[in-house]
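Architecture and fold: a report
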Amino acid sequence: MLSEFFSPTGHGVLPAGDVWTFAVVAALAVVVGAMVQSTVGLGLGLVGAPVLSLLDPTLMPGALLVTVVVLPVLTLFQERRHVDWRGIAWGLPARLPGTALAVWVVAVLPPRALAAAVGVMVLIAVALSLRSFRVRITPASLVTAGALSGFTGTATSIGGPPMALLYQYEEPARVRATLAAFFLFGGLLSLTALGVGGQLDTRILVVGAAGMPLVALGFAAGVALRNRVRAGPLRLGMLAVVALSAIALLVQAALG
């Protein structure tokens, strides 16, 4: 039955079996996150991770990582000529040690603790994004950002902020394309590592796959908005919503 795959388990803020509320809220988060990411380069993990962790932390991070994979494919199909392959060559291999550490964290932390970790990491990402301090793109900074992205992306599905901080002052198309390439290869690496570590099951894979058409919808909406909505105000609004979601996630984790 579908309820076996899409119902929350009772570990989140919804009662176990509340299928329709779960589906609608999760779908909105995925569409909005994909729309923002297709416009500014990241956002699906930042929006989706707190919401999905609130609804059912047992699905994290695997389900969202499965869903997210389709978005960089769409972005690269459209903007692949803008990828900074030199940056990818330095940053992607550095993702391996961070990914290995994250697989261990996911295995040992209970869902409630992992949800709290998502909340903390999201708030840190928001704070860093608001400060907008500039870090030079060098081999050392790319390796550091790659390792951090490997850890946060595998443990919480939020791997974008470290690389995004490096590229935030580049041309928008270069930012979107380079982050998309990093997300695609890094996401596949994270999923492989989680699978080997026994952290993926049928329920997680089905829920993640169900979100892929919603990602395509959000991507199309974001492409339509790129030339009509300024990225700055959209990004600030997204960060405000994300911060509130993260705070709510921390409160829920604290209260049990």
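The following paragraphs examine the structure supplied in this document. (Residues numbered from 1 in each chain as written. Predicted model: local features only at pLDDT ≥ 70, side-chain atom pairs only at ≥ 80, totals over all residues. Heavy atoms only, no water.)

The next point concerns the overall build of the protein chain. Regarding its fold elements, the protein chain presents 14 helices and zero strands. Shown N-terminal to C-terminal, the secondary structure of the protein chain runs as helices and strands in the order α-α-α-α-α-α-α-α-α-α-α-α-α-α. In the protein chain, which comprises 256 residues, the proportion classed as buried is 52%. Within the structure as shown, the protein chain displays about 11,300 Å² of accessible surface, and the carbon and sulfur contribution to it stands at 71%. (Helix = DSSP H or I, 4+ residues; strand = E, 2+ residues; numbered from the N terminus. Buried < 20%, exposed > 50% of the residue type's maximum accessible area, 1.4 Å probe, protein only. Areas by Shrake-Rupley, 256 points an atom, 1.4 Å probe, with all protein chains shown as cover.)

Summed over all chains, the structure comprises zero aromatic pairs. The ring of Phe77 has Arg80 lying over it, and the distance from NZ or CZ to the ring centre is 5.9 Å. (Phe/Tyr/Trp six-rings, centres within 6.5 Å; stacked < 30°, edge-to-face > 60°. Lys NZ or Arg CZ within 6 Å of the ring centre and 35° of its normal.)

Before going further, it helps to spend a moment on a nonpolar patch on the surface. Taken together, Leu101, Trp104, Val108 and Leu109 make up a surface patch of nonpolar side chains, about 390 Å² in accessible area. The topology assignment puts Leu101 in helix 7 (residues 95-108). Its relative accessible area of 46% is what places Leu101 among the partly exposed residues. (Patch = residues over 30% accessible without salt bridge, like charges linked within 9 Å, V, L, I, M, F, W, Y side chains within 5 Å. Salt bridge = Lys/Arg side-chain N within 4 Å of Asp/Glu carboxyl O.)

Residues Leu52, Leu59 and Met163 are the most contacted members of the largest nonpolar core, which totals 57 residues. No other element matches the eleven residues that helix 11 (residues 172-196) contributes to this core. With near-sequence residues (within four places) excluded, Leu52 lies in contact with Phe22, Pro57, Leu59, Met60, Ala63 and Leu64. (Core = buried A, V, L, I, M, F, W, Y, C linked by side-chain atoms within 4.5 Å. Contact = heavy atoms within 4.5 Å.)

Applying the stated rule across the entire model yields four salt bridges. Residues Arg203 and Asp56 are paired through a salt bridge, measuring 2.5 Å at the closest nitrogen-oxygen approach. Of the two residues, Arg203 sits in helix 12 (residues 202-210) while Asp56 sits in the loop between helix 3 (44-55) and helix 4 (62-68), which places them 147 residues apart along the sequence. Owing to a relative accessible area of 0%, Asp56 belongs among the buried residues under this scheme. Note that Asp84 and Arg174 form a salt bridge whose closest N and O atoms lie 3.4 Å from each other. Taken as a pair, Asp84 in the loop between helix 5 (70-79) and helix 6 (85-91) and Arg174 in helix 11 lie far apart in primary sequence, 90 residues in all. A residue is classified by how much of its surface remains accessible, and Asp84, at 10% relative accessible area, is buried. Given a relative accessible area of 29%, Arg174 falls into the partly exposed group.

Quick look at the side chain of Thr39 now. By the element assignment, Thr39 lies in helix 2 (residues 19-40). Looking at Thr39, the relative accessible area reads 6%, which means it is buried. Polar contacts involving the side chain of Thr39 include one to the main-chain carbonyl oxygen of Met35, which spans 2.8 Å. A polar side-chain atom of Thr39 sits 3.4 Å from the main-chain carbonyl oxygen of Gly222. (Polar contact = N/O pair within 3.5 Å; in protein donor to acceptor, adjacent residues only side chain to side chain.)

Moving on to the packing of helix 2 against helix 11. With their axes 7 Å apart at the nearest point, helix 2 and helix 11 run at an angle of 125° to one another. Viewed along their axes, helix 2 and helix 11 adopt a mutual orientation that is oblique. Only Val175, Arg176 and Phe183 of helix 11 make contact with helix 2, whose side of the interface consists of Gln37, Ser38, Thr39 and Val40. Residues that form the contact of helix 2 with helix 11 fall into these classes: three nonpolar, three polar and one charged. (Axes fitted to C-alpha atoms, helices over the stretch in contact; angles between N-to-C directions. Parallel < 35°, antiparallel > 145°, perpendicular 65-115°, else oblique. Nonpolar A, V, L, I, M, F, W, Y, C, P; charged D, E, K, R; others polar.)

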